[in-house]
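The primary structure of each chain is shown beneath.
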Amino acid sequence: MVAVRRRRTQASNPRSEPPQQMADDSDSDSDWDTVCEECSSGKQPAKLLLCDKCDKGFHLFCLRPILVSVPKGSWFCPSCSKHQIPKSFPLVQTKIIDFFRIKRSPDSSQISASSDSIGKKRKKTSLVMSKKKRRLLPYNPTNDPQRRLEQMASLATALRASNTKFSNALTYVSGKAPRSANQAAFEKGGMQVLSKDGVETLALCKNMMDRGECPPLMVVFDPYEGFTVEADRLIKDWTIITEYVGDVDFLSNREDDYDGDSMMTLLHASDPSQCLVICPDKRSNIARFISGINNHSPEGRKKQNLKCVRFNINGEARVLLVANRDISKGERLYYDYNGYEHEYPTEHFV
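Residues numbered from 1 in each chain as written. Predicted model: local features only at pLDDT ≥ 70, side-chain atom pairs only at ≥ 80, totals over all residues. Heavy atoms only, no water.

If you check an unreviewed UniProt entry, the protein chain appears there as [histone H3]-lysine(27) N-methyltransferase from Capsella rubella. Per UniProt, the comment on the protein chain under Subcellular location (unreviewed entry) is "Nucleus". Per UniProt, the protein chain carries the Catalytic activity (unreviewed entry) text "L-lysyl(27)-[histone H3] + S-adenosyl-L-methionine = N(6)-methyl-L-lysyl(27)-[histone H3] + S-adenosyl-L-homocysteine + H(+)". (UniProt positions renumbered as here; feature names shortened; annotations may be inferred.)

Next up, the structure:
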């Protein structure tokens, strides 16, 4: 069963607009006083954004990086704002350890190198492929501690720029859905159960991250797409990349939240009141910055190298991002934001 991305505010990708604000695409340009500076069209006026300084218009989807919704407060176009690349997080080990709450080694404050014990653990769990049943693989962290610092600093830069705290687990906060609401048994049509080997592999990945042995990924700011994620070494097919995390809430609390940030379906229940979503706008990890494909074009579909899958893990719903083919070093990560619900508009994705 495939997970579904509800909404996203990473700069590269648009989201659904309120139905009452959608414009009629059949309207001619001559009907509108303001036109987009990029495409010279006045169609879809609800998606035309006016600069608060020069009064020029820009379609949300014509901007680079694309905006997902009309921002709150004042907005200034690229020329007036003189937008700059986000300030990099300091490449200082103590600051990175504190930001990610990394468990320090008993004998030092250093981020440990990838240990032989990890390899022994992998052998013990017998994570192998077979024709009948394929097993999930743990990610293979970069051996060089300095390079891992650079990888974590890149993620810290993106999280800080989006005013998001790091979290590597689902969070349940007062006023939103309680943990007791996350019952995989409520899933409409049932949810696949993650095998014992898969649970052990996920736990291994979590433990590695706790020790500062992060996935071999770099978060890169692209002026055209916004924050994106690239592989920093070869990643094998069926490798767990990360879990999609954030605050868990009832979908009914977020239905009209058009300023929502990157919501992901967690539980698609038969009873609408039991449907849950993951909201990574306050707390999240690297999953928030992984890009979506344009599944309206063959070129877009070819980019997909991850799949998003919901699993029943010890009775609770969880969402994992898993490699669906070998991923080369330097290759950008993409997955399909639409699962079986096909609710997410991706026609403007780059």
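Enquirer: How should empty space enclosed by the protein be read in this particular structure?
Expert: Leftover empty space is mapped by rolling, across the atoms, a probe with the size of a water molecule. In this structure the tally under the stated criterion is 2 cavities of 30 Å³ or more. The calculated volume of the largest cavity comes to roughly 190 Å³. Lining the largest cavity are 19 residues, and of these N168, M209, P215, I241 and T242 lie nearest its centre. Counting residues per element, the ones that place at least two in the lining of the largest cavity are α4 (145-161), α5 (196-210) and β6 (240-243). By residue class, the composition of the lining of the largest cavity is 13 nonpolar, 4 polar and 2 charged. (1 Å grid on protein atoms, 1.4 Å probe; cavity = no way out; pocket = protein on both sides within 12 Å on 5 of 7 lines; lining within 4 Å. Points joined across faces, edges and corners; volume = space filled by probe spheres on them. Helix = DSSP H or I, 4+ residues; strand = E, 2+ residues; numbered from the N terminus. Nonpolar A, V, L, I, M, F, W, Y, C, P; charged D, E, K, R; others polar.)

Enquirer: What's the story with the pattern of salt bridges in this structure? I'm lost.
Expert: Note that side chains of opposite charge can pair when their charged atoms are close. Counted under the stated rule, the structure contains 16 salt bridges. In this structure, the salt-bridge partner of R332 is D222, at a minimum N-O distance of 3.0 Å. Of this pair, R332 sits in the loop between β13 (316-323) and β14 (334-335) while D222 sits in strand β4 (residues 217-222), and the two are 110 residues apart along the sequence. Per residue, the accessibility class of R332 equals that of D222, and both read buried. Close ionic contact of R318 with E243 constitutes a salt bridge, the shortest N to O distance being 2.5 Å. Of the two residues, R318 sits in strand β13 while E243 sits in strand β6, which places them 75 residues apart along the sequence. We note that R318, like E243, is buried. (Salt bridge = Lys/Arg side-chain N within 4 Å of Asp/Glu carboxyl O. Buried < 20%, exposed > 50% of the residue type's maximum accessible area, 1.4 Å probe, protein only.)

Enquirer: Could you clarify how one ought to interpret the sheet that holds β6 in this entry?
Expert: What holds strands together in a sheet is hydrogen bonding between their backbones, with the strands either parallel or antiparallel. Strand order across the open sheet formed by 3 strands is β6-β13-β12, with antiparallel pairing between neighbours. Every other strand in the sheet has two partners, leaving β6 and β12 (306-313) as the edge strands with one partner each. Averaged over all adjacent pairs, the angle separating strand axes in this sheet is 30°, with direction ignored. Sheet topology note: the β6/β13 ladder contains 3 bridges and is antiparallel. Counterpart to I240 in the pairing with β13 is V322. Strands in contact with α5 are β6, β12 and β13; relative to β6, the strand with the most contacts, it is inclined by about 75°. (Pairing = 2+ DSSP bridges. Axes fitted to C-alpha atoms, helices over the stretch in contact; angles between N-to-C directions. Contact = heavy atoms within 4.5 Å.)

Enquirer: Explanation requested: the pairing of β4 in the structure shown.
Expert: Looking along a regular strand, one sees side chains alternate from face to face of the sheet. Judged from the 6 bridges that link them, β4 and strand β5 (residues 226-231) form a sheet pairing that is antiparallel. Note on β5: the bridge partner recorded for V219 is V229. Linking β4 back to β5 in an antiparallel pair, the connection comprises 3 residues.

Enquirer: Could you clarify how one ought to interpret the environment of D247 in this entry?
Expert: When you line up the elements, D247 lands in strand β7 (residues 247-250). Here D247 falls in the buried class, since its relative accessible area comes to 0%. It is 9.6 Å that separates the C-alpha atoms of D247 and S167, two residues lying 80 residues apart in sequence. Excluding residues within four positions of it along the chain, D247 makes contact with T171, V173, K176, V277, I278, C279, K282 and R283.

Enquirer: Is there a simple way to explain the nonpolar core in this structure?
Expert: If you look at the biggest cluster of nonpolar residues, it comprises 62 residues, and the most contacted ones within it are F100 and Y335. Counting residues per element, this core draws most heavily on α4, which supplies 7 residues. Within the second largest apolar cluster, 7 residues are counted, among which are F58, L60, W75 and C77. (Core = buried A, V, L, I, M, F, W, Y, C linked by side-chain atoms within 4.5 Å.)

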